[in-house]
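Listed below, chain by chain, are the residues.
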Amino acid sequence: PVNTWVPDAQEERYIVSNGVRGSISSLAWFSGEQPLLVLTTWDGDMQLLSVQQQYQTVQASLSSAASTMPPGQPAPPILCSACQGQNVAVGSCDGKLRVWNAPQGPSAITEWGSHTQPIKAILTLEPSAGWPVSGYLTGSFDKTLALWTGPSQRATEIKIPSKVYAMDGLAPYIFVAGSDRQMVLYDIRKGEQAVYSGYSPLQWQTRCACLIPGKNGSQEPLGYVVGGVDGMLGVVPFQNPADSKRVEETMPSGPQTGRRGVNAVARLPNHADKIITANGDGRMSVWNVDPEQRGAQTFFGDGQRVYESTSPFNGRPPATGASVQGKIWPSICAFSWKAAAPGGTSILAYANSPDSLGGKQDYMSPDPSVAHLSNAVRFWPFQ
């Protein structure tokens, strides 16, 4: 079922939520010009949303839906998704990579291959983005990366030292954040030969990570940002990892004394010096990570937030603030950018879920004005 939430007038710029049967697990935009967004759930469902934007108002409607398994059969939870052309690739807890040709209907699902353990991350590789190959790159708990160029066509396999928890790419570089806090950078042209190998500055398990690009449009990454389950954010230069920073990103919320995790991190489109985080306490933050060279060392930003969402009615969403009048706002479990050309308006789709990451149940206020925000997709137009 699809439920549409019409927000208060103070929030009307950032409208639209579409409830689904299970908790939302991932979001991915189609790569074409048509604004189509795919959401996946922990129940193995996929929904294709048609998104319309007029000025600062965004609306969405259900276009198509499918499940990874036939009706009546239990579907494995979907952990990640990525789009290429008209296809949606999803990675599941059963280790299988499935591709849905959404325009052809709910039955147009093909199994491309499998890992021996769950697939945690997928990247779309396209020559138009500078990659030397075309296909899907999957990262799994079985400690391998695999490049798929078609059904049963496993073109490349890279063995890595740990389970894959998160993955990012800046052609031709692949960054893997793994278990045991291991961080590895690969040049896909060089196979298993790591360009960088080190450890996260965070004390606890990694949840998300992204690369920091060089200046003046350079794709060669200078460092990375990593978010952890303990609500900490780390910023690390590859050249001098000892110069890394750690900052407290999330706040304690509700009756818990612990912090909610940093659930997602990404670069802002057309703003290479900014990254955005989405957190289990319902907030988002934008951080300055502008590379600055001081002698032989590289430093990133000033360690300060450029923007922080603290209230759903502050006029500057993303608007799921951590605490407003004693209310606890639902976790932001995932987000995805529909990037525009420089000067255009990009759209950030972000999902609120009652789960931090599909497992631990977050505290939710019984207040209906808060509860109805849960398990929803909302949008933020951004220039």
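See the structure printed just above.
Remember, it's a predicted structure, so these values are computed and weren't measured experimentally.

Peer 1: Hey, could you run me through the overall build of the protein chain in this one?
Peer 2: Within the protein chain one finds one helix and 31 strands. Every one of the 383 residues in the protein chain was classed for burial, and the buried ones make up 57%. Within the protein chain, counting contacts between residues at least 6 apart in sequence, those at least 24 apart form 49% of the total. For the protein chain, the exposed surface amounts to about 15,500 Å²; the carbon and sulfur share of it is 48%.

Peer 1: Explain the sheet that holds strand 15 (residues 182–187) to me, please; I cannot follow it from the model alone.
Peer 2: In any sheet, the strands associate via hydrogen bonds between backbone groups, in a parallel or an antiparallel arrangement. An order of 13-14-15-16 is seen for the four strands of this open sheet, with the pairing classed as antiparallel. Both edges of this open sheet fall to strand 13 (164–170) and strand 16 (194–199), since each of them pairs with a single strand only. Averaged over all pairs of adjacent strands, the angle between strand axes in this sheet comes to 15°, irrespective of strand direction. Looking at chain direction, strand 14 (residues 173–178) and strand 15 are connected through five bridges and run antiparallel. Among the inter-strand pairings, Tyr173 is bridged to a residue of strand 15, identified as Asp187.

Peer 1: Would you mind showing me how to read the nonpolar core here?
Peer 2: Ranked by internal contacts, the top residues of the largest apolar core, which has 17 residues, are Leu137, Leu145, Met167, Ile174, Val176 and Tyr186. Listing elements by their share of this core, those giving two or more residues are strand 9 (119–125), strand 11 (144–150), strand 13, strand 14 and strand 15. The element best represented in this core is strand 9, accounting for three residues. Sequence-distant contacts of Met167, that is, excluding residues within four places in its chain, are made with Ala121, Ile122, Leu123, Leu137, Thr138, Gly139, Leu145, Ile174, Phe175 and Val176.

Peer 1: Is there a simple way to explain the packing of aromatic side chains in this structure?
Peer 2: Aromatic rings in a pair are described by how distant their centres are and how their planes are angled relative to each other. Under the counting rule described, the total for this entry stands at seven aromatic pairs. Ring centres of Phe141 and Tyr165 lie 5.8 Å apart, and the angle between their planes is 70°; this geometry places the pair in the edge-to-face category. Taken together, the residues Phe141 in the loop between strand 10 (135–140) and strand 11 and Tyr165 in strand 13 connect sequence positions 24 residues apart. By relative accessible area, which is 17% here, Tyr165 ends up buried. The rings of Phe175, Tyr196, Tyr224 and Phe238 are connected pair by pair, giving a single aromatic cluster.

What counts, and where the lines are drawn
For every chain, the first residue of the written sequence is number 1, and numbering continues from 1 along that sequence. Reporting of local features is limited, given that this is a predicted model, to residues whose pLDDT is at least 70; pairs of side-chain atoms are given and counted only at 80 or more, and all residues count toward the totals for whole chains, interfaces and linings. Side-chain metrics rest on all non-hydrogen atoms present in the structure, leaving aside hydrogens and water. In this description a helix means any DSSP run of H or I spanning at least four residues, a strand means any run of E spanning at least two, and both kinds are numbered starting from the N terminus. Burial classification: accessible surface area is computed with a 1.4 Å probe over protein chains only, and a residue below 20% of its type maximum counts as buried, one above 50% as exposed, and the rest as partly exposed. Contact definition: two residues touch when any of their heavy atoms are within 4.5 Å. A 1.4 Å probe and the Shrake-Rupley method give the accessible areas. Residues count as covered only by the protein chains that appear here. Any two strands with at least two DSSP-identified bridges between them are counted as paired. Convention adopted: a line fitted to C-alpha atoms gives each axis, helices being fitted over their contacting stretch, and angles between N-to-C directions are expressed from 0 to 180 degrees. For the purposes of this section, nonpolar cores are sets of buried Ala, Val, Leu, Ile, Met, Phe, Trp, Tyr and Cys residues that join through side-chain atoms within 4.5 Å. Pairing of aromatic side chains requires ring centres within 6.5 Å, counting the rings of Phe and Tyr and the six-membered ring of Trp. Pairs whose planes differ by under 30 degrees are stacked, by over 60 edge-to-face, and all others tilted.

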